[in-house]
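Geometric and topological summary
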Number of protein chains: 2
Amino acid sequence: MRRITHLTFILVALSVLTLAPVALARQAGGSGSIYETYREVADQLIDAALADSFAYDRLAELTDTFGPRISGSRNLEDAIDWIIEEMNADGLDNVRGEAVMVPHWVRGEETLMMIEPRVADLRILGLGGTIGTAPEGITGEVLVVNSYDELEARAEEARGKIVLYNVAFTTYGQTVQYRSTGAIRAAEVGAVASLIRSVGPVSLSTPHTGAMRYSDEVPRIPHAALTMEDAMMMQRMQDRGQRIVVRLNMDDVWLPDAPSRNVMGEIVGSEFPDEIVVLGGHIDSWDVGTGAMDDAGGVVAAWEALRLMKELGLRARRTIRVVGWTNEENGGRGGAGYRDAHRDQLDDHILAMESDAGVFKPRGFGFSGSDAAFEIVREVGRLLDRIESGAITRGGGGADIGPIMREGVPGMGLSVDGSRYFWYHHTPADTVDKLDPRDMGLCVAAMAVMAYVVADMDERLPR
Amino acid sequence: MRRITHLTFILVALSVLTLAPVALARQAGGSGSIYETYREVADQLIDAALADSFAYDRLAELTDTFGPRISGSRNLEDAIDWIIEEMNADGLDNVRGEAVMVPHWVRGEETLMMIEPRVADLRILGLGGTIGTAPEGITGEVLVVNSYDELEARAEEARGKIVLYNVAFTTYGQTVQYRSTGAIRAAEVGAVASLIRSVGPVSLSTPHTGAMRYSDEVPRIPHAALTMEDAMMMQRMQDRGQRIVVRLNMDDVWLPDAPSRNVMGEIVGSEFPDEIVVLGGHIDSWDVGTGAMDDAGGVVAAWEALRLMKELGLRARRTIRVVGWTNEENGGRGGAGYRDAHRDQLDDHILAMESDAGVFKPRGFGFSGSDAAFEIVREVGRLLDRIESGAITRGGGGADIGPIMREGVPGMGLSVDGSRYFWYHHTPADTVDKLDPRDMGLCVAAMAVMAYVVADMDERLPR
């Protein structure tokens, strides 16, 4: 018995009213019925997700076979072709790629040679979108600063130098600004290039790349990340009064925009095929590592949720769509393109769900939507308490679903154990071995249950 | 009063005998007197070692300024020159370098290009002492094995291939054999090159180098370390039935033996200047990272022990000598050279002490010597209980003091928290930021107290 009648619901609600008045607010929203109705099917999905390592093996195959998938690359488009083939083989409906033009930045050779106080070839990664240097490189003295405030205070000293922001990782939000806007701020005070300490809490001589911006107001200067180790070393050298001179060579280039695709498949709804629950992650990655954590894992986990429904013969009343968005990392064109391509259907997008924090052990979801909808998804979350993945918190979404959320679609992001995310984030070490098959299975279970119930329940999730 | 008379000792021992017969065995050995006699001076040394970060700052300056210090390199000899200058400035006695000829292996360009099933430039480190390839490199199919047993079982398949030992880290002792002898075993079955999964428990795309051997019985083939990530990837590819083809290019070369030195300084003993307590570590390192953990930290901590004695005006009755041995990593010529140069004085080497496990939080010492000596150093260890560094266990020493221990000199190795040692061992991430100033101060304190007391106590440490 998957659904109970309205009368039954009222009787249950009345009995609760007499027995536990405090619980009235939640129960009256119909959520008790959700739990009862979907307990069995939720358990089926959870058990199926944990039965084997299919999703993890698929993620390994995808990332091993196609490697890094930066926008504009052959790797990315080959991966998308493969996903289309595989989604068709899984029997998903309406499998397709929807065209999106994406920025096309290509990393070249990048070297940073320290010349004084000692000669050493240091490991760097240009930040995504940086310009290159002239072929002879840029040779200059380094000025190490710990903040924009310090840069302002030492603006005179910075002129003609290479500025290094040696900023210790606190939170991503606090620290990433030096990656995003460091080249602009350094150019404002006349620096000829800028370097950052990689944005991460732990390093084994590990540079991190990531997006950066330029401004039309100031010259564009090359911008690259050092390892934590080398940034700290230069700080110590400067503190000792030593002069630091380096030569930076970077062959990074911008090419014209390239064609890419948002890749997707569906299980069309049995009663309301035009009403859509969309879930997924982004299929592009940076050009180092294989983007297993960021974010092929999110794509494959969402995809696996649909594959398991298919395998279990579960067709919800509304359509469930998995999307691998393109170009999250350096442009966000996939999310914007999806919004534009589906603008007419956005009113019927019931819920958008994204996993982009790595398929580590899940805790639940962060939800952005109305209070009424929040109470309902909290009730759905109870079905995930068995696997400790049912905590629904206020606020959440994802970069790829951001554009449709801003058009009014309720959104949620999968919440996971984030303790190691920034160890690997945007590094060569973002590979499948950092993830655990069971944790990924739990992510699949959480997304499958949430998506299925919201797509199937009597009530359309209110806005 | 630093020493008590024999009569006082007997009276104390008798009173202990009447009050606590169980404690007799240890107290009767004279150890009670050691604790009483040296409590005050031990506290002085401990307090001085923890008062500031002088040792850590010196370690940072040494490793930042001279960088990696592989045998035969200019960096190593420059570092030794600097140490001699600084030891003289500290006022140590008999500061000198003692000549030792060392092997001279030089890493060249090293690349591993995966060609099938996908093109990727993989990060490698040739193992120390490997031959290079011909300029065109070696292109071949990879056979992944998990053990020597599997290699034997698949010997026919291995012929003409590049063997990859994908062996997960358990203990260093168990895992390192594939680094040490992997090229020999692969050559025995006709492989054209051999690769290992880097010997470490954790990786952020981190290759580990380290020593390897050849045999005169079989051809010498190139031998290099992949990252854990790439070794695991190739395992998965092979498990999927994919053919893996790579091209290995290595320009590593052997040059004629080069001059180096064991660097040392002393505080000459006030009563028995010919009796020596020697302590130290090795000043050479691998050619990646800056060898802060392995083992400049050991050298600087031992050196700091002497500097603090000097600063506190403490001159023990016997001579205390700090040594930075050369060429531990790829030859052991420093330890052997020290034995040969001091062969006539080995009977008067009272104790040899080495720190070569990183100057992490210390626990105590592992000791190799007679039962009588063990009881005495245990008693000295009590002076370190205050800083939780007084645990003396059976068995211990070090690679550099091994040659003189084999001639009968009692030896001990500083025991430290080893939880992260193999994260950094022989990698570009062996840098000073991995160490903590206070932990290093504790190592200094432990070595200073142990060395001073053994050098000063009434009784000569028995063999």
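First, a word on scope: everything that follows refers to the structure included in this document. (Residues numbered from 1 in each chain as written. Chains lettered and ligands numbered in written order. Predicted model: local features only at pLDDT ≥ 70, side-chain atom pairs only at ≥ 80, totals over all residues. Heavy atoms only, no water.)

All names here are of chain A. Reported here for the second largest pocket is a volume of approximately 450 Å³. Ala-211, Glu-328, Glu-329, Asn-330 and Gly-331 are the residues nearest the centre of the second largest pocket, which is lined by 24 residues in total. Contributions of two or more residues to the lining of the second largest pocket are made by α9 (177-188) and α15 (421-424). Looking at side-chain class alone, the lining of the second largest pocket contains 9 nonpolar, 8 polar and 7 charged residues. Each of two domains, domain 1 (6-103 + 257-456) and domain 2 (108-251), supplies a minimum of three residues to the lining of the second largest pocket. (1 Å grid on protein atoms, 1.4 Å probe; cavity = no way out; pocket = protein on both sides within 12 Å on 5 of 7 lines; lining within 4 Å. Points joined across faces, edges and corners; volume = space filled by probe spheres on them. Helix = DSSP H or I, 4+ residues; strand = E, 2+ residues; numbered from the N terminus. Nonpolar A, V, L, I, M, F, W, Y, C, P; charged D, E, K, R; others polar. Domains from an automatic or database assignment.)

Looking now at the environment of Leu-314 of chain A. The residue Leu-314 of chain A is located in the loop between α11 (292-312) and β12 (318-325) in this model. Along the chain, Leu-314 of chain A and Ile-34 of chain A lie 280 residues apart, while their C-alpha atoms are 17 Å from each other.

This part covers the sheet that holds strand β3 (residues 120-122) of chain B. Residue and element names in this part refer to chain B. One open sheet accounts for 8 strands, arranged β3-β2-β9-β5-β6-β7-β8-β4; its pairing is mixed. If you trace the sheet from one side to the other, it starts and ends with β3 and β4 (124-126), each paired once. Going from strand to strand, the sheet's axes swing by 30° on average, the running direction of each strand aside. The sheet contact formed by strand β5 (residues 138-145) and strand β6 (residues 162-165) spans 4 bridges and is parallel. In the sheet register, Val-142 faces β6, and the bridge partner there is Ile-162. The strands that helix α9 (residues 228-239) touches are β2 (110-116), β3, β5, β6, β7 (193-197), β8 (223-226) and β9 (245-250); relative to β5, the one it contacts most, it runs at about 80°. (Pairing = 2+ DSSP bridges. Axes fitted to C-alpha atoms, helices over the stretch in contact; angles between N-to-C directions. Contact = heavy atoms within 4.5 Å.)

Our next topic: the packing of helix α4 (residues 54-66) of chain A against helix α5 (residues 74-90) of chain A. Residues and elements named next belong to chain A. The contact between α4 and α5 brings their axes to 10 Å, and the two run at 150°. The angle between α4 and α5 places the two elements in the roughly antiparallel class. Taken as a pair, α4 and α5 cross one another with a handedness that is right-handed. Contact residues: α4 offers Arg-58, Glu-61, Leu-62 and Phe-66, while α5 offers Asn-75, Asp-78, Ala-79, Trp-82, Glu-86 and Asp-90. (Parallel < 35°, antiparallel > 145°, perpendicular 65-115°, else oblique. Left-handed = near helix turned anticlockwise from the far one by under 90°.)

Turning our eyes to something else, we now look at the relation of the copies chain B and chain A. Superposing the two chain copies requires a rotation about an axis and a translation along that axis. With an RMSD of 0.0 Å, the fit of chain B onto chain A corresponds to turning through 180° and sliding 0.0 Å along the axis. The relationship between the two copies is best expressed as a two-fold rotation axis. In terms of proximity to the rotation axis, the leading residue of chain B is Leu-204 of chain B, whose C-alpha is 3.0 Å off the axis. (Least-squares fit on C-alpha atoms with pLDDT ≥ 70 in both.)

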